[in-house]
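# Notes for the structure review
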Amino acid sequence: TGMGARATGVVALAWAVTAGVAAPEPPLWPDRFHVMSAQTTPGGKDVVHLFYDWPGGRNLNVITGQALERAGKGTLWDFERQDGLTFYYTPRTRECRTIDMKYRLLP
């Protein structure tokens, strides 16, 4: 991973182009999917459930874990819309913040 992997990929692509080999096509993302991942922050480990919905123009990250529990928040819902608005909602405290991220969802 990191810079070494990127550099290796660039070298392989440059070799493929100069050798007359067609560059590989990246896989297409499905329109809708769910991914579960883990993230480590200084506050601890969290689990992130990402629900992606391209046709609906939305992306929801449901984040739970140690860092949020230590902060007294429990679960965080990070709801991103195609228009660039993001809503951070914490059910336990009923807090909701809205941020205009100035970017859109990735197609």
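Please refer to the structure higher up on the page.
So, here's what we can say about the structure. (Residues numbered from 1 in each chain as written. Predicted model: local features only at pLDDT ≥ 70, side-chain atom pairs only at ≥ 80, totals over all residues. Heavy atoms only, no water.)

### Considering the sheet that holds strand β2 (residues 44–53)
Pairing within the open sheet is antiparallel, and its six strands lie in the order β1-β2-β3-β4-β5-β6. At either margin of the open sheet sits one strand with a lone partner, and together these are β1 (32–41) and β6 (95–100). The mean angle between the axes of side-by-side strands here comes to 15 degrees, regardless of whether they run parallel or antiparallel. (Pairing = 2+ DSSP bridges. Helix = DSSP H or I, 4+ residues; strand = E, 2+ residues; numbered from the N terminus. Axes fitted to C-alpha atoms, helices over the stretch in contact; angles between N-to-C directions.)

### Focus on the pattern of salt bridges
This model, assessed by the stated rule, comprises six salt bridges. Residue R92 is joined to E69 by a salt bridge in which the shortest nitrogen-to-oxygen separation is 3.2 Å. Linking R92 in the loop between β5 (85–90) and β6 with E69 in helix α2 (residues 66–70), this pair joins segments that are 23 residues apart in sequence. As a salt-bridge pair, K102 and D100 come within 3.3 Å of each other at their nearest N and O atoms. Relative accessible area serves as the criterion here: at 39%, D100 is assigned to the partly exposed category. Overlapping salt bridges bring together R32, D53 and R58 as one network. (Salt bridge = Lys/Arg side-chain N within 4 Å of Asp/Glu carboxyl O. Buried < 20%, exposed > 50% of the residue type's maximum accessible area, 1.4 Å probe, protein only.)

### Digging into the nonpolar core
Membership of the largest hydrophobic core is limited to five residues, which are V48, I63, L68, L76 and Y88. Once you skip the residues sitting within four places of it in the chain, L76 turns out to touch N61, V62, I63, L68, Y88, Y89 and T90. (Core = buried A, V, L, I, M, F, W, Y, C linked by side-chain atoms within 4.5 Å. Contact = heavy atoms within 4.5 Å.)

### Let's talk about the environment of I99
The residue I99 is located in strand β6 in this model. The spatial distance from the C-alpha of I99 to the C-alpha of Y88 is 8.2 Å, given a sequence separation of 11 residues. When neighbours within four sequence positions are excluded, I99 is seen to be in contact with G84, L85, T86 and Y88.

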